[in-house]
Amino acid sequence: MIETPLEFPSDGTTCRGVLYTPNADSRDLPCVLMAHGFGLTHASGLAPFKEAFCNAGYAVFAFDYRHFGESDGQPRQTLSPWKEVADWLAALNFARQLDSIDGSRICLWGTSFSGGLVIAAAAKDGNVRCTISQCPMVDGLASLLGVIGYAGVMQALRLTYHGTVDWLRRGLGMSPRYIASAGRPGELGMMTAEDCQEGYVPLLADNASNYVAAGVSYAIPLFRPIRLASEVTCPALVLICDHDTVAPASAAAKAAKRMPNSEVKHYPVGHFDVYRGEALVQSIEDQLDFLARSFR
């Protein structure tokens, strides 16, 4: 597997990624365009997927969003869902120009938060070959209600308070107010269900951090890719973790029903279990089968 670092502009900010190809002479390959979920980098636990796709003969272009990982953007660790959708579209347009990639055969691949981002990006672009959304967060409002369900209204109020402080600080030219991306039950963090700390932290690469600017707490409930699902007319694989505490399985199922050409796979596991063990093996097997049919 050949790794080629690349960079591309997104709204004037340089984003960086790595192109993985089966060999140095690859030309016109179908491509899986990939980025990670909430606050993570493409180096954070996605190696099994990259390797499986590349071994199957596909190119993989994996990138980091602005403000995260190897990409530029200040202040760091500030997450805007719609800016990340713009990064997806910029990465897609860039990938279509590469000699090693067949621009007519690109799959948008997302997991967790990016599973919803690819739905929004595919709807806006209208010309991708297919999409894969693994344990996708498709409805920020449903996710907020999930937080209230397992952590109580007080947790939502704490997040709102720190989000307000963050926006005020940044408005005054000060550094952001940061909170944990994932924490243990009772702690302050965007995800604090029983499995979040133990599931999220092991994924962190050296260039990723378990914190994010708190102002994202305002953006999450307003980001609802499920509203765009009906506009994703290409083949779409939706992989649902039935015991998901982060991205409600019911919302993912509703989004899939709205996609005209969707396929759904269910796994009897939690949100972070799909990155390891038998669930990982089965997920990759299902994805390879879908890609083989979609890239014909």
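- In the annotation of an unreviewed UniProt entry, the protein is listed under the name Alpha/beta fold hydrolase and assigned to Marinobacter azerbaijanicus.
- Within the UniProt record for the protein, the comment given under Sequence similarities (unreviewed entry) is "Belongs to the AB hydrolase superfamily. FUS2 hydrolase family."

## Let's talk about the nonpolar core
Here is step 1: If you look at the biggest cluster of nonpolar residues, it comprises 98 residues, and the most contacted ones within it are Trp 88, Leu 108 and Leu 291.
Here is step 2: It is helix 3 (residues 113-125) that provides the largest number of residues to this core, a total of eight residues.

## A closer look at the sheet that holds strand 1 (residues 2-10)
Here is step 1: Strand order in the open sheet formed by eight strands is 1-2-4-3-5-6-10-11, and the pairing between neighbours is mixed. Strand pairing shows two members of the sheet lacking a second neighbour, strand 1 and strand 11 (262-267), which therefore form its edges. Between one strand axis and the next, the sheet turns through 20° on average, direction left out of account.
Here is step 2: Lying over the sheet, helix 2 (residues 81-95) contacts strand 1, strand 2 (13-21), strand 3 (29-35), strand 4 (59-63) and strand 5 (101-111), oriented at roughly 120° with respect to strand 1.
Here is step 3: Across the sheet, helix 3 touches strand 3, strand 5 and strand 6 (130-134), and the angle it forms with strand 5 is around 140°.

## Some remarks on the UniProt feature "domain: AB hydrolase-1" (unreviewed entry) in the protein
Here is step 1: In the numbering adopted here, UniProt assigns the feature "domain: AB hydrolase-1" (unreviewed entry) to residues 32-281.
Here is step 2: Between the end C-alpha atoms of residues 32-281 the distance is 18 Å, and the span holds 37% helix and 19% strand.

## Some details on the pairing of strand 5
On a regular strand, one side chain projects to one face of the sheet and the next to the other, so that they alternate.
Here is step 1: Most of strand 5 sits inside the fold, with eight of its 11 residues counted as buried.
Here is step 2: Bridge count between strand 3 and strand 5: six bridges; the pairing is parallel. In the sheet register, Ala 35 faces strand 5, and the bridge partner there is Gly 110.
Here is step 3: Two elements, strand 5 and strand 6, share five bridges in a ladder whose sense is parallel.

## Digging into the side chain of Glu 84
Here is step 1: You can see Glu 84 is positioned in helix 2.
Here is step 2: Buried within the structure, Glu 84 lacks any salt-bridge partner; Arg 66 is the closest side chain of opposite charge, at an N-O distance of 7.9 Å.
Here is step 3: Excluding anything up to four places from it in sequence, Glu 84 contacts Tyr 65, Phe 68, Leu 79, Phe 113 and Leu 117.

## Quick notes on the sheet that holds strand 9 (residues 211-213)
Here is step 1: If you walk across this open sheet you meet the three strands as 8-7-9, and the pairing is mixed. This sheet does not close on itself; its edge strands, each paired only once, are strand 8 (189-191) and strand 9. Across the sheet, the axes of successive neighbouring strands diverge by a mean angle of 35°, strand direction being ignored.
Here is step 2: The pairing of strand 7 (residues 178-182) with strand 8 spans two bridges and is classified as parallel. Its bridge partner lying in strand 8, Ala 182 is registered against Met 191.
Here is step 3: The strands that helix 5 (residues 153-171) touches are strand 7, strand 8 and strand 9; relative to strand 8, the one it contacts most, it runs at about 120°.

## Concerning the packing of helix 2 against helix 3
Here is step 1: Put simply, helix 2 and helix 3 touch, their axes get as near as 9 Å, and they point 60° apart. Taken together, the axis directions place helix 2 and helix 3 in an arrangement best described as oblique. As for how helix 2 packs across helix 3, the hand of that crossing is right-handed. Counted together, Pro 81, Trp 82, Glu 84, Val 85, Trp 88, Leu 89 and Leu 92 of helix 2 and Phe 113, Ser 114, Leu 117, Val 118, Ala 120, Ala 121, Lys 124 and Asp 125 of helix 3 form the full contact between these two elements.

## Side note on the packing of aromatic side chains
Here is step 1: What the rule picks out here adds up to 12 aromatic pairs.
Here is step 2: Pairing Phe 38 with Phe 113 gives two aromatic rings, centres 5.9 Å apart and planes at 90°, and the pair type is edge-to-face. Here Phe 38, found in the loop between strand 3 and helix 1 (47-55), pairs with Phe 113, found in helix 3; they are 75 residues apart in sequence, far enough to count as distant. Residues Phe 38 and Phe 113 agree in their burial class; the two are buried.
Here is step 3: Ring geometry for Phe 63 and Trp 88: centres 5.2 Å apart, planes at 80°, overall edge-to-face. Linking Phe 63 in strand 4 with Trp 88 in helix 2, this pair joins segments that are 25 residues apart in sequence. Accessibility assignment for this pair places Phe 63 and Trp 88 in one class, buried.
Here is step 4: In this structure an aromatic cluster arises from ring pairing among Phe 8, Phe 61, Phe 63, Tyr 65, Trp 88 and Phe 94.
Here is step 5: Against the face of Trp 167 rests Arg 170, its NZ or CZ located 4.3 Å from the ring centre.

## A look at the side chain of Thr 131
Here is step 1: Residue placement: Thr 131 occurs in strand 6.
Here is step 2: According to the relative accessible area criterion, Thr 131 is buried, its value standing at 2%.
Here is step 3: For Thr 131, the residues in contact, after removing those within four places along its chain, are Cys 107, Leu 108, Val 118, Ala 122, Val 232, Cys 234, Pro 235, Ala 236, Leu 237 and Phe 290.

Definitions and cut-offs
- Residues numbered from 1 in each chain as written.
- Predicted model: local features only at pLDDT ≥ 70, side-chain atom pairs only at ≥ 80, totals over all residues.
- Heavy atoms only, no water.
- UniProt positions renumbered as here; feature names shortened; annotations may be inferred.
- Core = buried A, V, L, I, M, F, W, Y, C linked by side-chain atoms within 4.5 Å.
- Buried < 20%, exposed > 50% of the residue type's maximum accessible area, 1.4 Å probe, protein only.
- Helix = DSSP H or I, 4+ residues; strand = E, 2+ residues; numbered from the N terminus.
- Pairing = 2+ DSSP bridges.
- Axes fitted to C-alpha atoms, helices over the stretch in contact; angles between N-to-C directions.
- Contact = heavy atoms within 4.5 Å.
- Lys, Arg positive; Asp, Glu negative; His and termini not counted.
- Salt bridge = Lys/Arg side-chain N within 4 Å of Asp/Glu carboxyl O.
- Parallel < 35°, antiparallel > 145°, perpendicular 65-115°, else oblique.
- Left-handed = near helix turned anticlockwise from the far one by under 90°.
- Phe/Tyr/Trp six-rings, centres within 6.5 Å; stacked < 30°, edge-to-face > 60°.
- Lys NZ or Arg CZ within 6 Å of the ring centre and 35° of its normal.

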